[in-house]
Amino acid sequence: GDGRSSIAHYDVDFDKGAAIILGKEGEGLREEVRNAMGQGLISTVHIPMAQGTESLNAAVCGSIIMFERMRQLSVIQSANAN
């Protein structure tokens, strides 16, 4: 990582814009992305899991993060409609 704490996926403010980058299963992120993280150019996000859960695959992680992004968008649109 970049030495900073990782942000839980539900604490990310997707309304400010974000790019979601997922690494290859088993290989992780490309070197360029890891370098950008090391320079503090990219923040890392994690998905909190129940104790004893080892990992989630990339497709599941991407789905959870995209669901949260859509949930936030729905909340914002509801607030703006009132």
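Please read these numbers as outputs of a predicted model, since none were measured by experiment. (Residues numbered from 1 in each chain as written. Predicted model: local features only at pLDDT ≥ 70, side-chain atom pairs only at ≥ 80, totals over all residues. Heavy atoms only, no water.)

A. A look at the overall build of the protein chain. Counting secondary structure elements, the protein chain contains 2 helices and 2 strands. For the protein chain, the sequential pattern of α-helices and β-strands runs β-α-β-α. In terms of its C-alpha atoms, the protein chain occupies a principal-axis envelope of roughly 45 × 30 × 20 Å. Going through the 82 residues of the protein chain one by one, you find that 20% of them count as buried. Of the contacts formed within the protein chain by residues at least 6 apart in sequence, a portion of 74% connects residues at least 24 apart. Summed over its atoms, the accessible surface of the protein chain is roughly 6,200 Å², and 51% of this surface lies on carbon and sulfur atoms. (Helix = DSSP H or I, 4+ residues; strand = E, 2+ residues; numbered from the N terminus. Buried < 20%, exposed > 50% of the residue type's maximum accessible area, 1.4 Å probe, protein only. Contact = heavy atoms within 4.5 Å. Areas by Shrake-Rupley, 256 points an atom, 1.4 Å probe, with all protein chains shown as cover.)

B. Spatial organisation of the confidence of the model for the protein chain. Looking at the protein chain as a whole, its pLDDT mean stands at 86, while 94% of the residues score no less than 70. Mean pLDDT across the elements of the protein chain ranges from a minimum in helix α1 (residues 31-38), with 89, to a maximum in strand β1 (residues 7-8), with 92. (pLDDT = per-residue confidence, 0-100.)

C. Molecular detail of the nonpolar core. Residues Val 12, Phe 14, Ile 47, Cys 61 and Ile 65 constitute the largest nonpolar core, which totals 5 residues. If near-sequence neighbours (up to four positions away) are discounted, Ile 65 is found in contact with His 9, Phe 14, Ile 20 and Ile 47. (Core = buried A, V, L, I, M, F, W, Y, C linked by side-chain atoms within 4.5 Å.)

D. View of α1. Buried within α1 we find Val 33, Ala 36 and Met 37. When α1 is viewed along its axis, its buried side chains cluster within an angular range of 100 degrees and face the same direction. Exposed residues pointing more than 90 degrees away from the buried face of α1 are listed as Glu 31 and Gly 38. One or two positions beyond α1, positive phi appears at Gly 40, with a value near 80 degrees. (Arc of directions from axis to C-beta.)

E. Spotlight on the pattern of salt bridges. Under the counting rule described, the total for this entry stands at 2 salt bridges. In this structure, Glu 32 engages Arg 30 in a salt bridge whose closest nitrogen and oxygen atoms are separated by 3.4 Å. Where Arg 71 meets Glu 68, a salt bridge forms, and the shortest distance between an N and an O atom there is 2.7 Å. Within this pair, Arg 71 and its partner Glu 68 are both found in helix α2 (residues 58-81), separated by 3 residues, close to a single helical turn. Of the residues examined, Arg 71 reaches a relative accessible area of 38% and is grouped as partly exposed. (Salt bridge = Lys/Arg side-chain N within 4 Å of Asp/Glu carboxyl O.)

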